[in-house]
Amino acid sequence: MSAQIPAQPDKKTISDLIGKIQRKELILQPEFQREFVWTPSHMENFIKTILDGFPFPEIYISQKGIDLTTLATQNVVVDGQQRLTTIQRYIEGTDNFEKSIPKFADLGDQIQRDFLNYDVTIRDLKDISPEKIIEIFQRINSTNFTLTAIEINNAIYNGEFISCAKAILEKINEADHKVPIFSESELTRMADLHFILLVMSTLKEGGYFSQDSEVENYIAKFNDEFPDFQKFQDLISDTIINIVDSDLEPDSIWFRKSNFFTLVCELCFAEVKVDNLIKKLNAAEELILHHKNDDKETNQYALYYASMYAGTNSRTARVRRSEFIRKEIL
């Protein structure tokens, strides 16, 4: 067996990576990389993934060489060119692909900071030969998709907690009420299962956490036995079906992933139905959209609008949305 190539995971913010690209310290398109092929729709859906706070597959980089005079290193992107190019174009505003998402320049200072501070998982292959870099690139791209975190957890665990999440989805689908916030491509990557597990973990935690930090812990903890199986199956599925069946308009902001997540959690925490809250939800939506450009420091509706775009991975944004719903809706 050959010696294992080191590829320890690390975290880099979007601002770190784009800064390296702009300074030519990270080369986006080395010789072996294909041309940029994503369509505007691909680009927009990917940026929306970040704005909604969902993780995306890790980026592989490798050291190309070192300048023995300046001691500066240069790295190349082994896998992740399409994603990093899209992020760079979105930030720099060089492509006009935003139809259902705002331009980066229009996000506002706090949301821009949240976007730039988004953590990206990086695997650094260190200083390996060009031939080995190309071989790794080919092997990574020998299939159409890499595994997401939820796909990996689904492969590792098959116990009670994950089974409960699947039972919730099955009950929703049997009632012909698919969770209305996912595209077909997201559904093929188990985004709906990830969403339900995030709701379940939040309810077990009794509050909000950052990103997916507690999800795998609860999957592992309740792999053998989950005493709340039936309670969670009924509560979460009934809550989602109730929201989908309500008189909320299909294009309501409450069907945006971040808002939908918080609304589901808060209704489950309070164990109440959405039926008697429609007028309050519609009134709140009107005020949020009307005041979206106001000062976030003094206007709670502008602050909530900003928290919508901070995504579901930010604990601060989750708590702000939760506090707003508890005060204004519940």
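Residues numbered from 1 in each chain as written. Predicted model: local features only at pLDDT ≥ 70, side-chain atom pairs only at ≥ 80, totals over all residues. Heavy atoms only, no water.

K.L.:
Could you give an account of the side chain of His291, naming the residues involved and the relevant values?
P.N.:
You can see His291 is positioned in the loop between helix H13 (278-290) and helix H14 (300-309). A polar contact of 3.5 Å, which involves the side chain of His291, links it to the side chain of Asn299. When neighbours within four sequence positions are excluded, His291 is seen to be in contact with Asn299, Tyr301 and Ala302. (Helix = DSSP H or I, 4+ residues; strand = E, 2+ residues; numbered from the N terminus. Polar contact = N/O pair within 3.5 Å; in protein donor to acceptor, adjacent residues only side chain to side chain. Contact = heavy atoms within 4.5 Å.)

K.L.:
Can you break down the packing of aromatic side chains residue by residue, with the values?
P.N.:
Counted under the stated rule, the structure contains 19 aromatic pairs. Here Phe195 and Phe260 contribute two aromatic rings whose centre-to-centre distance is 5.8 Å and whose plane-to-plane angle is 35°, an arrangement assigned as tilted. Residue Phe195 is located in helix H9 (residues 191-205), and its partner Phe260 is located in helix H12 (residues 257-270); the two are separated by 65 residues in the primary sequence. Note on Phe195: relative accessible area 2%, which makes it buried. (Phe/Tyr/Trp six-rings, centres within 6.5 Å; stacked < 30°, edge-to-face > 60°. Buried < 20%, exposed > 50% of the residue type's maximum accessible area, 1.4 Å probe, protein only.)

K.L.:
Got a sec to walk through a negative patch on the surface? Specific residues and values, please.
P.N.:
A cluster of acidic residues, Asp245, Asp247, Glu249, Asp251 and Asp275, forms a negative patch on the protein surface. Inspection of the secondary structure assignment puts Asp247 in the loop between helix H11 (229-245) and H12. (Patch = residues over 30% accessible without salt bridge, like charges linked within 9 Å, V, L, I, M, F, W, Y side chains within 5 Å. Areas by Shrake-Rupley, 256 points an atom, 1.4 Å probe, with all protein chains shown as cover. Salt bridge = Lys/Arg side-chain N within 4 Å of Asp/Glu carboxyl O. Lys, Arg positive; Asp, Glu negative; His and termini not counted. Charge placed at Lys NZ, Arg CZ, Asp CG, Glu CD.)

K.L.:
Pulling in residues and values, what's your account of the confidence of the model for the protein?
P.N.:
In the predicted model, the protein carries a mean pLDDT of 83, and 79% of its residues have values of at least 70. Contacts from residues 143-147, a stretch scored under 50 in pLDDT, to residues over four places away or in other chains number seven contacts. (pLDDT = per-residue confidence, 0-100.)

K.L.:
Explain the layout of surface pockets to me, using residue names and the numbers behind them.
P.N.:
Estimated volume of the second largest pocket: approximately 320 Å³. Lining the second largest pocket are 17 residues, with Lys48, Ser100, Asp251, Ser252 and Arg256 sitting closest to its centre. Here the lining of the second largest pocket gets three residues from one element, more than from any other, and that element is H14. Grouping the constituent residues of the lining of the second largest pocket by class yields eleven nonpolar, two polar and four charged. (1 Å grid on protein atoms, 1.4 Å probe; cavity = no way out; pocket = protein on both sides within 12 Å on 5 of 7 lines; lining within 4 Å. Points joined across faces, edges and corners; volume = space filled by probe spheres on them. Nonpolar A, V, L, I, M, F, W, Y, C, P; charged D, E, K, R; others polar.)

K.L.:
So what about the side chain of Ser237? Which residues, and what values?
P.N.:
With respect to the helices and strands, the residue Ser237 is situated in helix H11. Once residues within four sequence positions are removed from consideration, Ser237 is found in contact with Ile168, Lys171, Ile172 and Phe232.

K.L.:
Could you give an account of unusual backbone geometry, naming the residues involved and the relevant values?
P.N.:
The phi dihedral of Gln211 falls on the positive side, at around 50°, and the residue is not glycine. With respect to the secondary-structure elements, Gln211 resides in the loop between H9 and helix H10 (215-221). For Gln211, a relative accessible area of 32% corresponds to the partly exposed category. Phi is positive for Glu271, close to 55°, though the residue is something other than glycine.

K.L.:
A description of the environment of Phe54 should follow, citing residues and the corresponding values.
P.N.:
Relative to the elements of secondary structure, Phe54 occurs in the loop between helix H2 (40-51) and strand S3 (59-66). Phe54 gets classed as buried once you look at its relative accessible area, which sits at 10%. Along the sequence, Phe54 and Lys257 sit 203 residues apart, while their C-alpha atoms lie 9.8 Å from each other.

K.L.:
So, the nonpolar core: which residues are in play, and what are the values?
P.N.:
Residues Met200, Ile236 and Trp254 are the most contacted members of the largest nonpolar core, which totals 88 residues. No other element matches H9, which puts nine residues into this core. With near-sequence residues (within four places) excluded, Trp254 lies in contact with Leu248, Asn259, Phe260, Leu263, Leu281, Ala284, Glu285, Ile288, Tyr304 and Ile325. (Core = buried A, V, L, I, M, F, W, Y, C linked by side-chain atoms within 4.5 Å.)

K.L.:
Tell me about the environment of Gly207, and please be specific about residues and values.
P.N.:
On the secondary structure map, Gly207 appears in the loop between H9 and H10. Here Gly207 falls in the buried class, since its relative accessible area comes to 17%. Considered as a pair, Gly207 and Phe269 are 62 residues apart in the sequence and their alpha carbons are 9.2 Å apart. If we ignore the near neighbours within four places in the chain, the residues touching Gly207 are Thr202 and Phe269.

K.L.:
Just give me the short version of the packing of H11 against H12, but keep the residues and values in it.
P.N.:
Packing of H11 against H12 brings their axes to within 10 Å, and their N-to-C directions diverge by 125°. In this view, H11 runs oblique relative to H12, as classed from their interaxial angle. Relative to H12, the crossing made by H11 is right-handed. For the pair formed by H11 and H12, the contact residues are Leu235, Ile236, Thr239, Ile240 and Ile243 on the first element and Phe260, Leu263, Val264, Leu267 and Cys268 on the second. Of the residues that constitute the contact of H11 with H12, the class distribution is nine nonpolar, one polar and no charged. (Axes fitted to C-alpha atoms, helices over the stretch in contact; angles between N-to-C directions. Parallel < 35°, antiparallel > 145°, perpendicular 65-115°, else oblique. Left-handed = near helix turned anticlockwise from the far one by under 90°.)

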